[in-house]
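# A closer look at the structure
Below are the chains, spelled out letter by letter.
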Amino acid sequence: MKTIVSIVLVLLFRLGVDGDGLSYDFYEKSCPQVEDIVKAGLQNTFLKDPAAPAALLRLMFHDCQVQGCDASILVDPSEENLQMEMHSSKNFGIIKRELISVVKSMVEAQCPQQVSCADILILVAREAVAMTGGPWIEVPLGRKDSSATPSYELADAMLPSPTTGVDEMLEIFSKKGMTLEESVAILGAHTLGISHCSSLLNRLYNPSGDKTGVMEPSFAAFLRLNCPAGSLTSNLSFVLNDPTAFVFDNQYYINALGGKGVLKIDAEMVLDPGTARVMERFSGDQDGFFQAFSSAFVKLSISGVLTGNQGAIRKKCNAIN
Ligand code: HEM
Ligand SMILES: *[C@@H]1O[C@H](CO)[C@@H](O)[C@H](O)[C@H]1NC(C)=O
C-alpha cells in the first residue's frame, strides 16, 4: 500500500502543473544554438560591467515571483498602461532590464520569432550564476511571454521587502515546492551584488523594528558609517552584500553566521534554528550549497509559467506584441 501511495505521489509530482510543457530540448529544432548565443552575448557584457550578473539574477527572481517567469517585468510603461509592475516600490533597485533586449536581438538575428523573452531571462540568469563561479544549472525551456501585464499592486503583493522575515520567506518558497534546504539555498543568491542604504535603514536605526542583536558590533558600526540616518542619498548609496560580491560562492553563509548579514532576512535566518542548521552546513560545504541552489533555481524558474498555446513569443522584450 505504501509503495502504491508513493508511486501515485511521484506520478502526481511528475505530471504536476509546474513545468508541464517545458523540456530540456525545447529549441532543438527551432533554435539549437540559443544557449550558445546567450552565453556569447553575455561574456563581453559581464567583463565590462561587473554589477550586471547580480542585477540579472535578481531580475529573474522578481519576474518569476509575479505571475510566473513570463518576462512581464521587462515591459516598459506605455501611454495606455502607466500602472506597471516596475512602478511597484518593491522593484526598487531593479536595473539592467535593457540587457535582456540586447540578448533577445542577438537571438532574433539567428532564430526570428522562436525564443521567448521569458526563456532568455532564465538562460541569462543561469549564465550570471555560472560566469561568476557558481554552478552551471541545466534548465528546462519552453516558457511563453505574457500577453498582458500585471499591475503594480500584484507586484506589491507578491514581492518581498527589505523587512521580510524568515516565516514569510519560507512561505514564499514553499509555494514554489521548495524544501527548507532549497529555500535557504536560494537566498544564497545574496552572495552577489549590493543593497542600497534605504533597504537597511529600518535595521540600523529603528530599535523596535528589525532584529539587530545578532549584528557583529564592528560590522554594525561599518554599516552605520556607510549608511547614515537621515541621509538624502540613501536610495543611491549602497554596501556590498558580502565581501566577495562579484563571486558566486558560499561566503554569504559564513558572513551571515558571523553576524555580518547585510539584509534583515540574512540576519534573521541565523536566529531561526531550522534555517541556521542549513546555513551552517552550507558554510562548510560549497558543493552541497551549489546542488541545493541548482534544484531551487529550477523550481523557481518553472513555477506557474505559461506554456503551449498560452501567452506569446514577443518580438521585443520591452513591449507586448
Ligand atoms: C524573501 C526573500 C528575499 C528578500 C527579503 C530579499 C531582499 C532583497 C533586498 C532588500 C535587496 C536589496 C535591494 C536594493 O537595496 O537595491 C536584495 C538584493 C538582491 N537579491 Fe534578494 N531577497 C530575497 C530573495 C532573493 C532571491 C530568491 C534571489 C535570487 C534568486 C535574490 C537575489 C538578489 C540579488 C542578486 C541582489 C543584489 C542585486 C544587485 O546587486 O543589483 N534575492 N534582496
Ligand atoms: C527611494 O525609493 C523608494 C522606493 O522606490 C521611494 O518610495 C522613495 O520615494 C525614494 N526616495 C527618494 C528620496 O527618492
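For clarity, every value in this text was computed on a predicted model and none was experimentally measured. (Residues numbered from 1 in each chain as written. Chains lettered and ligands numbered in written order. Predicted model: local features only at pLDDT ≥ 70, side-chain atom pairs only at ≥ 80, totals over all residues. Heavy atoms only, no water.)

Before going further, it helps to examine the coordination of the iron atom of ligand 1. On the protein, H190 (NE2) is the one donor atom to the iron atom of ligand 1, at 2.1 Å. Structurally, the position occupied by H190 is in the loop between α8 (180–186) and β1 (194–196). (Donors = N, O, S within 2.8 Å, 3.2 Å for Na, K, Ca; no water. Helix = DSSP H or I, 4+ residues; strand = E, 2+ residues; numbered from the N terminus.)

Now for the nonpolar core. Counting 83 residues, the largest nonpolar core has I100, I186, F293 and F297 as its most contacted members. Among all residues touching F293, those that are not within four sequence positions of it are V129, P135, I137, A185, I186, A189 and F248. (Core = buried A, V, L, I, M, F, W, Y, C linked by side-chain atoms within 4.5 Å. Buried < 20%, exposed > 50% of the residue type's maximum accessible area, 1.4 Å probe, protein only. Contact = heavy atoms within 4.5 Å.)

Within the UniProt annotation, "binding site: Ca(2+) 1" (unreviewed entry) is assigned to D63, V66, G68, D70, S72 and E85. Judged by maximum C-alpha separation, these annotated positions cover 23 residues in sequence but sit close together in space, the widest gap being only 13.0 Å. With respect to the helices and strands, D70 occurs in the loop between α3 (52–64) and α4 (97–110). Dropping the residues within four chain positions of it, D70 is found in contact with D63, A118, K144, D145, S146, L306 and R314. As for its position among the elements, E85 is in the loop between α3 and α4. Ignoring sequence-local partners within four residues, the contact set of E85 consists of H62, V66, S72, I73, N91, P150, S151, Y152 and A155. A polar side-chain atom of E85 sits 3.3 Å from the main-chain amide nitrogen of I73. (UniProt positions renumbered as here; feature names shortened; annotations may be inferred. Polar contact = N/O pair within 3.5 Å; in protein donor to acceptor, adjacent residues only side chain to side chain.)

This part covers the packing of aromatic side chains. Under the counting rule described, the total for this entry stands at 13 aromatic pairs. With 6.1 Å between their ring centres and 40° between their planes, F293 and F297 make a pair best called tilted. Within this pair, F293 and its partner F297 are both found in helix α14 (residues 286–302), separated by four residues, close to a single helical turn. A residue is classified by how much of its surface remains accessible, and F297, at 0% relative accessible area, is buried. Taken together through their ring pairs, the aromatic side chains of F248, Y252, Y253, F282, F289, F290, F293 and F297 make up a single cluster. (Phe/Tyr/Trp six-rings, centres within 6.5 Å; stacked < 30°, edge-to-face > 60°.)

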